[in-house]
Structure formats: C-alpha cells, structure tokens
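Chain by chain, the residues:
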Amino acid sequence: MDTQRLAELLFPQITKTPADIEAEFPPRALPEGAKVTRFAPSPTGFVHFGGLFPTTVAERLAHQSGGVLYLRIEDTDAKREVPGAAEALIRTLSVYGVNFDEGAILGEDGAICDRGAYGPYKQSLRGPIYQTFAKQLVREGKAYPCFTTEEELEELHQVNKKEELKNTDWEAQAEARRAEMLRRRAITMEEVEAHLAAGDPFVLRILADGAPDKKIRFTDLVKGNMEIPENDEDFVLLKSDGIPTYHFAHAVDDHLMGTTHVIRGEEWLPSLAKHLQLFRYLGFKTPKYMHIAQIMRLDEEGNKKKLSKRDMGANMDDYTRLGYCPEAVCEYVMTLLNSNYEEWRMQNPDKSYRDFPFNIKKMSVSGCLFDFQKLNDVSKNVISKMDAKTVAERVTAWALEFDPDFGKCLAKDASFAEAIFAIGRGGKKPRKDLATWADAKPYMGFFYDEFFAPECDYAEQYDRADIHAILTAFCEQYDENDDMNAWFEKIKAIGQELGYTPDMKAYKADPAAFRGSVADVSMFIRLAVTGKLNAPDLYSVMQILGKQKVLDRIHAMLSAMN
RNA sequence: GGCCCGUUGGUCAAGCGGCUAAGACACCGCCCUUUCACGGCGGUAACGGGAGUUCGAUUCUCCCACGGGUCACCA
C-alpha cells in the first residue's frame, strides 16, 4: 500500500507537517526541576471529590517546584458535553485552592478564554493539530482508516453489554475482534477510494505492533515498577468527526504543551500501554506518570467501591451544602494524600498547607475509604483556629443560603453573632464543637428566641420545689455586673442552703449524703436559660443574653412548672 | 473470563530482614471540670492464607484467596 498516497487521500486539507506544529509549540523555558502538570477534565459534570484528589497533587507539584499548572478542556465527546460544566468546574476548583497559571481560564465576564502560549486549550479547537500528526502516522504506515460502521461494531460488541458474561463469551468476543481487526487491516487502496468516493465516514485506527505476551517494563511514580502487556489493539485515534479520542489527544497535547508529569486516577492504568505505544510512534518523549489510587466508599454488601457521582461526598457542592469549609476539605485531602502530613501539621499548627513539603513517595498505593468522621475531626480543628468574627461571618453567609430563617437572625446583628461565637474561642484550648457551619444552629440557636425551644424537662428525681426555690433565688440575686467568680459563688450559696453541696469531690465520694450538687443547681439554671442540658459556658451565655432575657426565660420556666 | 493494581487494628496509616508492630480518627475507661466541648492519662484492636529464600520474615520470591480497576468512534 502506498501510504504516502493514502495520507493525502485521507487528509487532503492538511498541509502542515509535524515539524511545523512543533515549531509553534517550543519547549518551555523553566528552571531545572520545575514540573508542568495539568487538570484535563471533560466538561460533562461537576467536580468530583475523586477528581479534586489528583488535581490537588498536580497543583502542589507544579507550584511547589516553580512550574506550571494548566487547564485543558477535553471536550472531545460532543454527545456527553454539558453546557456550563467547564465554567463550574473551574469555579469550584478555585474554591478549593486550585488555581491555574495557564490554559482555559475564566475571564472577567465569566466566559472561558485562553491564557498561555500553548493553546488553544480546548481540544475541540485543535482538530488540525491532531490531524497533522495523524496524517504523519498514516504516511508512516502506523495508522489506517477503518470504514466499519458503528452499527457493525455494536453488533460485534453486543455481548459486552451484558453484565454476567460467561468465560466463553469473553473468549469468543476477543476472537471475533481479532478476526475483525485483521479484516480491517487488509483494506486495499481501491476499497479506500471507493468508500471515500461514496462519502463514507471513517475512523483512523492505530496499526498496533504489540504482542500481548510481551511485557513492557514501566515505572510509575506512585505505583512503582510494573510490567504491562504490549498493546495489540488497533484502537481509534480519530473519530469519524475528525476529533481525536482521549488516547491520541493525550499524547499529542501533553507532548506539545510540555507536560512533565501526567497525574491521573489509576483507572487509566489499563490503557497505559496504548499511550506508551503512541508516544513511541510519534517520536515523543514520554512524560512521567503518576496513577493515583481511587477514593472508595462502602456498598451495601460492605465491599469497597469507587466513589461515584451519586454517592454522598462525591459532588463538591455537597460539602458546601453540608456546611464544610473548603479549608477543612483541603486539609482532609492533604492528610489522605501524604501520610506524613498530619505529623507535619502537629508541628506546624499555623502554617498553610501550601508550606508543607509535598512528597510523592509519601503517597498511598491503595485506595482509601472516605471517612466523614475524620473529615469532621479535621474540620473542628480548622474551625477552632478561626477568630470569632470569621466564624460568625461564615456561619451567617452559609445560613443565609441554606438555612435562611437562622441566617436572618444572625445577620440582624453581626456583633451579637460575633459575641456568640467568641465563647470559648481563642486561647490554648479552644472549644471544638463546630465541624460544619450547620452545627452552629443546634449549639447556639437558643440565643435567639426564634430557636429557643427547651428540649427536655427536668428529670423526675429532682424535687420540683427545690428547682422552684433555686430559680427564684437566682432571679433575686442575679447581678449582671458580677464577675464570673462572684456569680458562681452565689449559685453555690443558693444550692447549699437547700442541701446541694458546692463541693464536687465530697459529692462524688458520697452522693447519698446530699440532696444534690452545684452541678445540679447549674443544670436547673442552664435548662431554664438555654433550654438545653449541654451548652457553652453559662456565665458567658448570660452576659451575652443580657439580664432581662435571662430573667424572662427563668420566669417563663417557673410559670411553666406551676 | 483476560489483563493490571492492591491486601498492617473498624477507618487513614508508619514500617522498608531482627521493633514489646508507631501515630491519627472512631470507640471505651479515668482525670480535669457547674453541663458540653477542650485538654491530660490509659485501654480494646492489625501484618489475608500457604509454600520458599534466610540464622531470622510484616518487610524479598512464588502460588492461592479476597478486594478494586479495566476490556467503546467515553474520558
């Protein structure tokens, strides 16, 4: 077959050569060791937690090494494309600290535009570039056109659609494919001309030179050394619309754009042989690869499964809605990404995670289970370090969107809200009771009459008359200007008169010797004032609430008891 | 089913031929404490199984089991 002629027949419109293209994409001038990484999403949906993972690695590696992080949109599948998805992707990533130096970025008008010298960064706009390399491959006899229609292929792969495939089906299918491949390869120039004359669409397939029983030795930066079988499948390079498949676009773009490290999920490992083959065919230097373990979830049977779109915690918007702050999510991601991160964090409690020396060697090879409990713990620590003003503002902002009734209460008086969140904040041992912004209402909602709802009654064992007497006495003696000590001394004294000891040690040693303790007295008052058995420091609560409201609530309790 | 990857406590994990097998989360107990939270102390809990290499295997090799991923004109 005259491959030179075939190339011209197939791609008459392509006049450039690969060398011309190469000249348009000169190597990057970067310092030694600088890494060029990328995020290359297909605009088919939202950002997935599993996607944030490799992306964070790419971001850290690039920016930590003085390199470049760029974004390339892999919109090679028009059928699946979701309008606006790319824009949303970029915005979400930005929230989680991933910002791009180059590529398809968001302009001031909110639309996507290119920045950088290696564009266009949308693959759908790079058709001629791919075709130039495709033409070259045809010329060299490394690729050929295939006129098999989608329907025919469908028929061939029909068995594949069924979940419960039997052994024999797989074998039969593989056999059928091999036969089909040979048939396709045997296409003659006459047949090609006839098809072309008839206007038949075709795909361009690679002419695979691999033997599956031969292995390629390969080193993945995360997975280490491995042996993978050579590729013998004539996979598609260009689809019938002239747009490349992922495999082809990956090789061409990552080469031209100067990617040094390809960071992606381990689900790509099985097609690695294809990529290696392509880089070799095209004469490109292969980048370094990092295949990152997947995040898993537990299914009904208790087995691990890849975290999928529909799972709670997959969509990054879930975290926003649940009230997790991005800093906490990033922090959690870092703990999963590098096993020594938590240790570093303990030694550097106030540094940004960006100061952490990210280390590829400290990455896990196996997939981990998503753990909300751990996220919550991480989040509590993150929030406990924020000042009251920040917490108040962010809780308010969150509530305004997801819990408007509560949000409006908070927004009404910002300094009041700030005072609420200042309780127990700061100092060496700050309260850690907020894992999410949504936790604020159950903890602090009682400050607002709208959400003040005494949630339980006094336990049976307490004498109603005692409670009544204590509350009444407290009302009589309460002085807003007392300091905490004086305030508490009064409470102790009130209790003691009725046989409620202020000496907790004595009480614990022999509870039967007393009617109760000052803990019980405090509880009576706390329940009346906050409506809850558990609340932040009662003295602070009263100071913030103000004398009138404190007395009102206690009086309300008193009359409710009658 | 083929191929590839993986397997240390409930979870995340350190370990890289010799250790009483770290640490964190969760859980339990104690202490601190007017409740809760915080903090402190302590506890329960692990090398999937079998061969081999070796004086010695969690660590190296092989086999098995289990789990995951993948087998498109999707990425």
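The structure displayed is predicted, hence computed values, not measured ones.

1. Let's talk about a negative patch on the surface
Taken together, the side chains of Glu150, Glu151, Glu152, Glu154 and Glu155 present a region of like negative charge at the surface. Mapped onto the elements, Glu150 comes out in helix 6 (residues 150-156). Given a relative accessible area of 60%, Glu150 falls into the exposed group.

2. Comments concerning the pairing of strand 8 (residues 224-229)
Examined bridge by bridge, strand 7 (residues 215-220) and strand 8 share six bridges and lie antiparallel to one another. The residue of strand 8 that forms the bridge with Thr219 is Asn225. Here strand 7 folds back onto strand 8 in antiparallel fashion, the turn holding three residues.

3. Comments concerning the confidence of the model for chain A
Per-residue confidence for chain A gives a mean pLDDT of 92; residues scoring 70 or more make up 97%. The ipTM value of the predicted complex is 0.95, and its pTM value is 0.94.

4. Side note on helix 16 (residues 388-402)
For helix 16, with 15 residues, the first-to-last C-alpha span of 21 Å sits near the 21 Å given by 1.5 Å per residue. By the burial criterion, the buried members of helix 16 are Ala388, Val391, Ala392, Val395, Thr396, Trp398 and Ala399. In this structure, the buried side of helix 16 is in contact with helix 12 (316-322), helix 15 (372-384), helix 17 (404-412), helix 18 (414-422) and helix 19 (440-444).

5. Some remarks on the sheet that holds strand 13 (residues 304-306)
Overall, mixed pairing links the three strands, which are arranged 13-12-14 in an open sheet. Whereas interior strands pair on both sides, the edge strands pair on one side only; in this sheet they are strand 13 and strand 14 (368-369). Bridge count for strand 12 (residues 295-298) against strand 13 is three bridges, and the pairing is antiparallel. When the bridges of strand 13 are listed, Arg297 appears paired with Lys305.

6. Observations concerning the protein's contact with RNA strand B
Lys239, Lys305, Lys374, Arg431 and Lys508 are the nearest of the 64 residues found near RNA strand B. Between RNA strand B and Lys239 there is a distance of 2.4 Å, counted from a phosphate oxygen to a side-chain nitrogen or oxygen. Backbone polar atom of Ala535 to a base nitrogen of RNA strand B: 2.7 Å apart, as the coordinates give it. Of the residues belonging to the surface near RNA strand B, the class tally is 22 nonpolar, 14 polar and 28 charged.

7. Details of the pattern of salt bridges
The full count for this structure, using the stated rule, is 37 salt bridges. A salt bridge links Arg28 to Glu102; the nearest nitrogen and oxygen atoms lie 2.8 Å apart. With Arg28 in the loop between helix 2 (18-24) and strand 1 (36-39) and Glu102 in strand 3 (residues 102-106), this pair connects stretches of sequence that are 74 residues apart. In this structure, a network of salt bridges that share partners links the residues Arg38, Arg72, Glu74, Arg126, Asp253 and Asp254.

What counts and how
Residues numbered from 1 in each chain as written. Chains lettered and ligands numbered in written order. Predicted model: local features only at pLDDT ≥ 70, side-chain atom pairs only at ≥ 80, totals over all residues. Heavy atoms only, no water. Patch = residues over 30% accessible without salt bridge, like charges linked within 9 Å, V, L, I, M, F, W, Y side chains within 5 Å. Areas by Shrake-Rupley, 256 points an atom, 1.4 Å probe, with all protein chains shown as cover. Salt bridge = Lys/Arg side-chain N within 4 Å of Asp/Glu carboxyl O. Lys, Arg positive; Asp, Glu negative; His and termini not counted. Charge placed at Lys NZ, Arg CZ, Asp CG, Glu CD. Helix = DSSP H or I, 4+ residues; strand = E, 2+ residues; numbered from the N terminus. Buried < 20%, exposed > 50% of the residue type's maximum accessible area, 1.4 Å probe, protein only. Pairing = 2+ DSSP bridges. pLDDT = per-residue confidence, 0-100. Expected span 1.5 Å × (residues − 1). Contact = heavy atoms within 4.5 Å. Near = heavy atom within 4 Å. Polar contact = N/O pair within 3.5 Å; in protein donor to acceptor, adjacent residues only side chain to side chain. Nonpolar A, V, L, I, M, F, W, Y, C, P; charged D, E, K, R; others polar.

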